[in-house]
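Architecture at a glance
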Amino acid sequence: RIRNLSLDVDQWARVVQQTDMVLALTDLDGRIVWVNQAFERVTGFDFSESFGRRPRDLVGTEHDNPQEFERLRQQAYAGNGFRMVMRSRSKQGRDYLIDMDVQPRHSASGELVGLIQVGFDVTEDVRAKEALQAALDRADAMADELRKMATVAEHTFSAVLITDPNWRIQWVNRAFEQLTGYTAAEAIGRTPAQLTHFDKTDPTLVTRVRDALRNGK
């Protein structure tokens, strides 16, 4: 049984070292007593550099609020762990975001001995979400602008039409219908040049449209 327990401990130790989770154990003074390989890889600090130092002293940034971190640390000591995304900076100067869960750590006898900090580097996830949100915001702004343009185009006295890359009409306004004599249903799918060959259009307008198309206007 003792041998099996020893094997289980060894297996868990390998898992903890090989996981992508950033793990650190701190004492009651908030100083590091152990870290795993993921911690070393993400922060750039190996265990010998980290031992005896506070995590934020290693990877903190100018955005840190020391008083807030101390409040949260005391909260965790009282049994109320916390989770937050922290802006951090590696030894090499790389800024990253880590989603950190901090919980009280107890000895086998139940005595509070420090904190366990478990985190994931979420930099790319957060940046992807921010990029997606920015794209959605741009799309919303563009849609709003298009709605405004459509309103103006619909109520202007000038003929307005929208074509696809092949010059086939996709949309016309009321003024186009009134000036050309073609309804939207008759115009859509045709090119402006095709419409100028029909008798329903005023000859003077035909000449103006042909000249405009010839000049690329």
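Note: the structure precedes this text.
These notes cover the structure that comes with them. Along every chain, residues carry numbers that run from 1 in the direction the sequence is written. Per-residue local features of the predicted model are confined to residues with pLDDT of at least 70, and side-chain atom pairs are confined, for both listing and counting, to 80 or more; whole-chain, interface and lining totals are unaffected and use all residues. Side-chain figures throughout are based on the complete set of non-hydrogen atoms in the structure, without hydrogens or water.

Focus on the sheet that holds strand β2 (residues 32-35)
Two strands make a pair as long as DSSP finds a minimum of two bridges between them. Helix and strand labels come from DSSP, where a helix needs a run of H or I of at least four residues and a strand needs a run of E of at least two; each type is numbered from the N terminus. As summarised here, the arrangement of the 5 strands in space is β2-β1-β5-β4-β3, forming an open sheet in which the pairing is antiparallel. Looking at strand neighbours, the two that pair on one side only are β2 and β3 (82-89), the edges of this open sheet. When strand polarity is set aside, the average angle formed by the axes of neighbouring strands in this sheet is 30°. With 3 bridges joining them, strand β1 (residues 22-26) and β2 adopt antiparallel strand pairing. From the neighbouring strand, A24 faces β2, where its bridge partner is V35. Only the stretch in contact is used when a helix axis is fitted, and all axes are lines through C-alpha atoms; the angle between N-to-C directions ranges over 0 to 180 degrees.

Focus: helix α5 (residues 66-77)
To estimate how far a helix should extend, the number of its residues minus one is multiplied by 1.5 Å. Look at α5: 17 Å from first C-alpha to last across 12 residues, which is about the 16 Å you get at 1.5 Å a residue. Think of it in three bands: residues with accessible area under 20% of the maximum for their type are buried, residues over 50% are exposed, and the middle band is partly exposed, with areas taken using a 1.4 Å probe on protein chains only. By the burial criterion, the buried members of α5 are F69, L72, R73, A76 and Y77. Down the axis of α5, the sector holding all buried residues measures 145°, keeping them to one side. Residues count as neighbours in contact if any of their non-hydrogen atoms are within 4.5 Å of one another. Tucked into the core, α5 has its buried residues touching α4 (55-59), β3, β4 (95-106) and β5 (112-121). Looking one or two residues past α5, G79 carries a phi angle of roughly 105°, positive in sign. Relevant arc is that of directions from the helix axis to the C-beta atoms, nothing else.

Notes on the pattern of salt bridges
Side chains that differ in sign of charge can pair as their charged atoms come close. What makes a salt bridge here is a side-chain nitrogen of Lys or Arg within 4 Å of a carboxyl oxygen of Asp or Glu, nothing more. Taken as a whole and assessed by the stated rule, the structure comprises 12 salt bridges. Close ionic contact of R71 with E68 constitutes a salt bridge, the shortest N to O distance being 2.7 Å. Of the two residues, R71 and E68 are both situated in helix α5; the distance of 3 residues between them amounts to about one turn of the helix. Judged by its relative accessible area of 31%, E68 is partly exposed. D121 is paired through a salt bridge with R94; the nearest N and O atoms lie 3.1 Å apart. Taken together, the positions of D121 in strand β5 and R94 in the loop between β3 and β4 put the pair 27 residues apart, joining distant regions of the chain. Connected through salt bridges with shared partners, the residues D29, R31 and R54 form a single ionic network.

Points about the nonpolar core
Throughout this description, the term nonpolar core refers to a set of buried Ala, Val, Leu, Ile, Met, Phe, Trp, Tyr and Cys residues connected via side-chain atoms within 4.5 Å. Formed by 21 residues in total, the largest nonpolar core has its most connected members in V22, F39, L58, F82, M86, I98 and V102. Mapped by element, the contributors of at least two residues to this core are β1, β2, α2 (37-43), α4, α5, β3 and β4. For M86, the residues in contact, after removing those within four places along its chain, are R56, F69, Y96, L97, I98 and M100. I169, V172, A187 and L195 belong to the second largest nonpolar core, which has 6 residues in total.

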